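Examining the three-dimensional arrangement
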Amino acid sequence: MSSHASYEFSNPVVRWIDSRLPVFSLMKAQAMDFPTPRNLNYWWTFGGIAATMLVIQLITGIVLVMHFTPHVDLAFDSVEKIMRDVNYGWLLRWLHANGAAFFFLAVYIHIFRGLYYGSYKAPREILWMIGVIILIAMMATAFMGYVLPWGQMSYWAAVVITNLFSAIPVVGETIVQWLWGGFSVDNPTLQRFFSLHYLLPFVLAALVFLHIWALHVPGNNNPDGIDVKSEQDTLPFHPYYTMKDLFAILVFLLVYLAFVFYSPWYMGHAINFVKANPLVTPAHIVPEWYFLPQYAMLRAVPDKLGGVIVMFASLIILFFLPWLDRSKVRSLRYRPVTRIFFWLFAITCVVLGIAGAQPAEGVWLLVARIATIYYFAYFLVILPLLGKLEKPKPMPASITEAVMQKH
Amino acid sequence: MKNRIVRMLAVAGLGLGLLAAPAQAAGLQENAEEHAFSFEGPFGQFDRAQLQRGWEVFRQVCSSCHSLNYLRFRNLAEPGGPEFTVEQAKAFASQYDITDGPDENGEMFTRPGRLSDAFPAPYPNEQAAKAANNGAAPPDLSLIVKGREGWYYPWYISPVLKLFKGNGGPEYVRSLLSGYTDPPHGEEREGLNYNPYFPGHWIAMPPPLSDDAVEYKDGTPATVKQMATDVAAFLAWVAMPKMEERKRIGLMTMLYLGLFTLLMYLVKRAIWSRVEH
Amino acid sequence: MSSTTTQDVSRRDFLYIATGTVGAVGTALAAWPFIDQMNPDASVLALASTEFDMAPLQEGQGVTVMWRGKPVFIRHRTKKEIEDATKVPLAELKDPIARNANLPPDAPATDENRVKDANGKANPKYLVQIGICTHLGCVPLGEAGPFNAWFCPCHGSVYDTSGRIRSGPAPRNLDIPPFKYVSDTKIVIG
């Protein structure tokens, strides 16, 4: 969006509009002709997949709101009404519930792709940081959305997560009461969560717009992490990447819809089919899978405030990543040592996820603690050190050369 | 076959077994007994005769203590369920007194049930339900099958097993209803009954079923196991009344999307064949 | 690069068109659940019928009851009102159709046809009609207007003692809901 090249469109109406408001020139330059490295692999399709999931969540969400009632006495019943009486209500509800999980899946893969290929490095630091903000906003949105059906796990998730803020010294209790709008999680809490759950996705959409803007200034990184040197290194975004992305999106939708139609509450918790009861806590409180690693880190620390700090730090640290990893080489293709530690890091995140689903005791607590230490060590020790110590492999002179070497 | 999956997973999990021990400590609960319900799997449908039998068990036995708040009488005649005729459903509805009103004088009154009515609850509120049942209110059964799980295998088995078998809710209900046994060591607890399938093993509900508690119109022998199975299937339908529609639309969607994906792959390949990549 | 023949090109064109068509059809079908969810749901469609006993109504007295969220006017008409309604020649009516859900859609708007239930049973004393002006949906006032019957205050539509439109912008007579007598004075609407 840096420059508005003017095109001569053949259609007179298009030409008339474009000379006054160059939307068509913009679209042609940014969505069709945009020069894109020719060597992008399928890991690069997850940005488009994540955007698709955001759109699906927006559409299904707007429609569900037409039937949902944000009131402690009616929320659970209105969801059951959607499931039983509203035309295709069951479909809309399961698209939305599973859509959140698959949105996270796509975004997590997108993030790990960025980590592996060094997409956070100069000149893409702002692009990366907007991405981190998107992740945090997504988490807030997903959490508040999970509260809305007002089942047992919804209610107790709201209680536990809002209580995190009570760890803040001095003002903690005041903040929690302010969040609740009372002395416990109750109707005011549900109604404000509903309002914000409707608002935040539009903020997300705006952030995604900024994210794409920040992408289109330097252009895409690529699997070899080499800058584009000539026109030969690139292909126009359309039709090459539009069609590739579309194919990948369809494969992703196949998996997503298989869950929607054949195992729609596989990722949920049975106890959330029981209406919220402020007097009875379920035996085993577990968040949705996409929060399990963070949850494991929260519980790994034996101190209340410490756990909260560690959990939030695990996200905040991502903002500093561009300056923690000082290596000039972007792609781990050419950093064999870092690559080993990267895969260890990926496994660590999965292990944290598994540990987060288990009761915080015995072996699992130990595992979670070791994994938490490695999570932070990767960013604070391993990457800074390896940036200085590691000798990268020789790199091809250009993207075109890298492509030709493969053949 | 399902048992084989469990066994295969168990063997595969042995390698990871070092980490498994604490997961087992979570609850005093048996895994539900395996049962191949007709509605399992991507093509599974409800067995109409079984749902009709299960409805008899529910209304003659369970409904004296348990509500079924989300069931409307009209649902009994809707496609994808027991599929009674509209006349039969009307007849069932008219056997129940529904509180309605207020009338012109401001009084509440009772009238026979209609298709649009919800199945009436046995107690007016939770306090009354508690008072009548030794302090333990019988839960509403509309979502019991989704709200309970049947499998308590270690973490590396359950996620895969659930993919094939679901949460095990119907199996849990079936096992619980037919699984009362004498407590080990002759232990007794005031007002509680021993049932290995119940979390914690001691349940307030006395054994609800006994042989021939219900007379089946289709001549099926009404053993405890049979009634437990039928009512579990019935409650599975009440919990997921749109299951058959879901699977039907799912199949069409999957076939369509499979074709579209294949075509899209060919398009992508055709376009990319122009360049080295 | 591979050499492309004309045959290759036409085969590719076919592939592109076929894929585009499949995609467009799928998108259109996928839109349906999002549209249909706004239609009345199963609980609305199954809404209970309303029962009403007209025996307590005095001559010249009317009540309004709710049915499917709409007002239904039930009136015990006076002898004069019935006479006024029956003596009007059909040719004078703005809308010559009975608009009675219990009769065929072309039944003429005689007063007799305006009071019939689903079984053809009628008691001319009792007029049951949906109290919504057929112009733009306001609720007409009772015992008002030139016929001392119904008059819509919104845009001045005038109905006679049989609920038929006589002047003003409304295009149709007031609708008669589906109902039937379960005894001489008791009716079930819906």
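Computed from a prediction, not measured in an experiment: that's the story for all the values here.

What follows concerns the overall build of chain A. Counting secondary structure elements, chain A contains 15 helices and 2 strands. In terms of overall size, chain A behaves like a compact globule, its C-alpha atoms giving a radius of gyration of 23 Å where 407 residues would be expected to give roughly 22 Å. Along the first, second and third principal axes, the C-alpha set of chain A runs to 65 × 60 × 45 Å. Counting only residues that meet the buried cut, chain A has 57% of its 407 residues in that class. Contacts spanning at least 24 positions in sequence make up 79% of the contacts within chain A whose residues lie at least 6 apart. Split by element, the accessible area of chain A, about 18,000 Å² in all, is 72% carbon and sulfur.

Before going further, it helps to spend a moment on the pattern of salt bridges. Residues and elements named next belong to chain B. Summed over the entire model, instances satisfying the criterion amount to 38 salt bridges over all chains. When the shortest N-O distance is used, the salt bridge between Glu40 and Lys165 registers 3.3 Å. Taken together, the residues span a long stretch of sequence, with Glu40 in the loop between α2 (21–24) and α3 (48–60) and Lys165 in helix α7 (residues 158–165) at a distance of 125 residues. In terms of burial, Glu40 and Lys165 fall into one category: buried. Notably, a salt bridge pairs Arg53 with Asp218, separated by 2.9 Å at the nearest N-O pair. In this pair, Arg53 sits in helix α3 while Asp218 sits in the loop between β4 (202–203) and α9 (224–239), placing the two residues 165 residues apart along the sequence.

All names here are of chain C. Counted residue by residue, strand β4 (residues 126–130) has 5 buried out of 5 residues, so it is predominantly covered. Of the two faces of β4, the one carrying Tyr126, Val128 and Ile130 and the one carrying Leu127 and Gln129 are both buried. Bridge count between strand β3 (residues 70–76) and β4: 5 bridges; the pairing is antiparallel. Bridged to Phe73 within β4 is Gln129.

Residues and elements named next belong to chain B. Taken residue by residue, α7 has Ser158, Leu161, Lys162 and Lys165 as its buried positions. Along the axis of α7, the buried positions cluster into a sector of 105°, meaning they face one direction only. Backbone geometry just downstream of α7 places Gly166 in the positive-phi region, at approximately 75°.

Next up on the list: the state of the cysteines. Evaluated as defined, the whole model comprises 1 disulfide over all chains. Here Cys138 of chain C engages in a disulfide with Cys154 of chain C; their sulfurs sit 2.1 Å apart. Here the disulfide of Cys138 of chain C and Cys154 of chain C is left-handed, its torsion about the S-S bond being about -100°. Placement of the pair is Cys138 of chain C in the loop between β4 and β5 (141–144) and Cys154 of chain C in the loop between β6 (149–151) and β7 (158–159), with a sequence separation of 16 residues. Not part of a disulfide, Cys65 of chain B finds its nearest cysteine sulfur in Cys62 of chain B, a span of 9.2 Å. Residue classification places Cys65 of chain B among the partly exposed positions, given a relative accessible area of 29%. Cys133 of chain C takes part in no disulfide bond, and the closest cysteine sulfur, belonging to Cys152 of chain C, lies 3.8 Å away.

Segmenting chain C into domains produces domain 1 (1–39) and domain 2 (45–189). For domain 1 of chain C and domain 2 of chain C, the distance between their C-alpha centres works out to 54 Å.

This part takes up the environment of Asn125 of chain B. With respect to the element layout, Asn125 of chain B can be found in the loop between β2 (109–112) and α5 (126–132). Sequence spacing of Asn125 of chain B and Ala137 of chain B is 12 residues, and the spatial spacing of their C-alpha atoms is 9.6 Å.

Every contact between the two is made by 15 residues of chain B and, on the other side, 16 residues of chain C. Both faces considered, chain B and chain C share a buried interface measuring about 1,300 Å² in area, 65% of it formed by carbon and sulfur atoms. Inspection of the chain B/chain C interface yields 0 salt bridges. Its residues assigned to classes, the side of chain B that touches chain C shows 10 nonpolar, 2 polar and 3 charged.

A separate point is helix α11 (residues 292–300) of chain A. Of all 9 residues in α11 of chain A, 8 are buried, a share of seventy percent or more. Within α11 of chain A, the full set of buried residues consists of Leu292, Pro293, Gln294, Tyr295, Ala296, Met297, Leu298 and Ala300 of chain A.

The next thing to look at is the pairing of strand β2 (residues 62–67) of chain C. Residues and elements named next belong to chain C. For β2 and β3, the ladder comprises 6 bridges, and the chain directions are antiparallel. Residue Val63 lies in a different strand from β3, and its bridge partner there is Ile74. Linkage of β2 to β3, two consecutive antiparallel strands, is achieved through a turn of 2 residues, within which Arg68 is found at a positive phi near 50°.

Cut-off values and rules
- Residues numbered from 1 in each chain as written.
- Chains lettered and ligands numbered in written order.
- Predicted model: local features only at pLDDT ≥ 70, side-chain atom pairs only at ≥ 80, totals over all residues.
- Heavy atoms only, no water.
- Helix = DSSP H or I, 4+ residues; strand = E, 2+ residues; numbered from the N terminus.
- Rg over C-alpha atoms; globule rule 2.2 N^0.38 Å.
- Buried < 20%, exposed > 50% of the residue type's maximum accessible area, 1.4 Å probe, protein only.
- Contact = heavy atoms within 4.5 Å.
- Areas by Shrake-Rupley, 256 points an atom, 1.4 Å probe, with all protein chains shown as cover.
- Salt bridge = Lys/Arg side-chain N within 4 Å of Asp/Glu carboxyl O.
- Pairing = 2+ DSSP bridges.
- Arc of directions from axis to C-beta.
- Disulfide = S-S within 2.5 Å.
- Domains from an automatic or database assignment.
- Buried area = accessible area lost by both parts, 1.4 Å probe.
- Nonpolar A, V, L, I, M, F, W, Y, C, P; charged D, E, K, R; others polar.

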